[in-house]
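Structural features, examined
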Amino acid sequence: MRTKVFGVLALVVPLAAMANPENYTIDPTHTSAYFEVEHLGVSNQRGRFDRTSGKFTLDRVAKSGSVELNIETASVSTGDNVKGSRPRTLDDHLKTADFFNVAEFARMSFKSTGVKFVGDNPAEIAGNLTLLGVTKPVTLKVERWVCKDNPMSKKPMCGGNASGSLKRTDFGMKYGVPAIGDEIRLWVSVEGYKD
Amino acid sequence: MQDLLNNPAVQSSVAPFLAGLLAAGVLFPLRLGGLAAAAGFFTTVYLVGDFTLESLDSKRKLVLVAIAAPVFGVIADLAFKPTRASGPVLGAVFAAAGGWVFFNLLKQKSGLDLALHGAGLAAFVIWTVTFSVALHSDALRAGAAGLGLGLGAGVSAVLGASALLGQYGMGLGAGCGAFLLLGMIFGPRVTPGTTLTLTAGAAASLVAVGAVLTGQLPWYALAALALVPVAVLLPLPKAAPWMQAIVAALYAAAAAVAAWVLAWLASRGSAG
């Protein structure tokens, strides 16, 4: 019995010693959230949020991690931002109480509740998305993940792409459904530098 | 049928008008024809389908306060004799309710900005409710004011803020328009009471304030809108009720259209 305990300890203690959570701060310049929604059953309209912040931790030995991503809703951009003679642009409309209601909900956030690894890299991130004051679970599938030194600054960095989907009506964003689709596809491109 | 009910024009004009006409037609013998305004407003709220209690943002709190307006109105009509103080008191109550509705937006402001927005909100709601409630015994003027306030706030909100708030305003206007139509046919037998005038004044003023706080509707569009319940006090011709109703509606429309024009000019002038 004693031999078995020592055997297990001999296995676990070095692993525990190796467990090394690394903290990263998101690089807002190279981190964006993109979305896609069906419009009038005809085409898919795409847009992005230009301003993000957050952090993530990664422990490749323990195969664990966490992510917290904050997105400024007022930074929504579809490319239609020149009003001309119209009362407002598509971006202006998305900021109103019909959609993101940026005057009242300036930020949406994603906080992970669990990260699944395949090999050394995260493959799936379960978490809670808070949008318009409503928090619902959303799962992001990590499609690409790379850790390396920045070729210029030599700073250690990690980043990748993840995607998922949600129903906007779950978050109380009901305006225009079904003409403007309920299902939203999300893509997040993240880069972060080690603290 | 569902496609039809999903059409914003049906949601905010045809359906609330029919609901208002039904409510006014069925309930006016009971002195509750004024519920046409609430019928129109809540038909639009139902069809737009945004309302939920899960995340109580300002536009959903606005709906809750709008539910209170016809309730207060019915109680006032059936249980109390109207006095001169009714309008200002109800105005103050709904201005305070407006503070709750827009609390999340007001708390982001500070100092002079907060004072101006808070005082402006209160003054506009008190003014609009007071002058609306004062029309409680005049079917044609009250109906015309409700029509003008609803459409004025609604179209201004579409131009300056949100389509959803705009639809709420237009639904209210359509319900009041249905009441006015009944007034054109039956004349003074149809009584709006505080039920219609309070609902129209409170809901329209909150929709307009919401458009200022959540969008880019300029404050001076509210000044034009505030003239609606005053404009209908202008003299009406000594003619048949239908003719008087048309003239009263034109008075209201003049102020409402002024609000639209100001909203339109502001939206064209702002950056972007």
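Rules used throughout
- Residues numbered from 1 in each chain as written.
- Chains lettered and ligands numbered in written order.
- Predicted model: local features only at pLDDT ≥ 70, side-chain atom pairs only at ≥ 80, totals over all residues.
- Helix = DSSP H or I, 4+ residues; strand = E, 2+ residues; numbered from the N terminus.
- Expected span 1.5 Å × (residues − 1).
- Bend = angle between axes of the 7 residues up to and from the residue.
- Buried ≥ 20, exposed ≤ 12 C-beta atoms within 10 Å, placed from the backbone.
- Contact = placed C-beta atoms within 7 Å.
- Nonpolar A, V, L, I, M, F, W, Y, C, P; charged D, E, K, R; others polar.
- Core = buried A, V, L, I, M, F, W, Y, C linked by C-beta atoms within 7 Å.
- Arc of directions from axis to C-beta.
- pLDDT = per-residue confidence, 0-100.
- Pairing = 2+ DSSP bridges.

1. Quick look at helix α2 (residues 8–27) of chain B
All names here are of chain B. Along its 20 residues, α2 runs 27 Å from first to last C-alpha, staying within 8% of the 28 Å computed at 1.5 Å per residue. Of all the bends found along α2, the most pronounced is centred on Pro16 and spans about 30 degrees. Residues of α2 that are buried include every one of Gln11, Ser12, Ser13, Ala15, Pro16, Phe17, Ala19, Gly20, Leu21, Ala23 and Ala24, and no others. For α2, the elements touching its buried residues are α1 (2–5), α3 (35–48) and α9 (163–186).

2. Quick word on unusual backbone geometry
Residue and element names in this part refer to chain A. The residue after Val177, namely Pro178, is reached through a cis peptide bond having omega 10 degrees. Among the secondary structure elements, Pro178 is positioned in the loop between β10 (156–167) and β11 (180–194). Despite not being glycine, Lys154 has its phi angle at roughly 65 degrees, a positive value. Structurally, Lys154 can be placed in the loop between β9 (134–149) and β10. Assessed through the 8 C-beta atoms surrounding it within 10 Å, Lys154 is described here as exposed.

3. Considering the interface of chain A and chain B
At the interface, 21 residues of chain A touch 24 residues of chain B. Here the side of chain A that touches chain B is built from residues that sort into 8 nonpolar, 7 polar and 6 charged.

4. Concerning the nonpolar core
Residues and elements named next belong to chain B. In this structure, Ala144, Val207, Leu225 and Ala252 are the most contacted members of the largest nonpolar core, which totals 135 residues. The biggest single contributor to this core is α9, with 14 residues. The residues contacting Leu225, other than those within four sequence positions of it, are Leu149, Gly152, Ala153, Ser156, Ala208, Ala255, Ala256 and Ala259.

5. Brief notes about helix α4 (residues 58–79) of chain B
Residue and element names in this part refer to chain B. Taking 1.5 Å as the rise per residue, α4 with 22 residues should run 32 Å; its terminal C-alpha atoms sit 31 Å apart, in good agreement. Turning to α4, its buried residues number three or more, namely Ser58, Lys59, Leu62, Val63, Ala66, Ala69, Pro70, Gly73, Val74, Ala76 and Asp77. Down the axis of α4, the smallest arc covering the buried residues is 165 degrees, so these residues share one side. Opposite the packed face of α4, turned more than 90 degrees from it, sit the exposed residues Ile75 and Ala79. Looking at the buried residues of α4, the elements they touch are α3, α5 (86–101), α6 (103–106), α9 and α10 (193–214).

6. With respect to the confidence of the model for chain B
Predicted confidence across chain B gives a mean pLDDT of 93, with 99% of residues reaching 70 or more. Taken element by element, chain B is modelled with least confidence in α1 of chain B, mean pLDDT 82, and with most confidence in helix α12 (residues 228–231) of chain B, mean pLDDT 97.

7. Structural notes on the pairing of strand β7 (residues 107–118) of chain A
All names here are of chain A. Two elements, strand β5 (residues 64–72) and β7, share 5 bridges in a ladder whose sense is antiparallel. Note that in β7 the partner of Glu72 across the bridge is Arg107. As paired strands, β7 and strand β8 (residues 121–131) are joined by 9 bridges and run antiparallel to one another. Across the sheet, residue Ser112 finds its bridge partner in β8, namely Gly127. Between the end of β7 and the start of β8, which pair antiparallel, lie 2 residues, with Gly119 showing a positive phi angle near 70 degrees.

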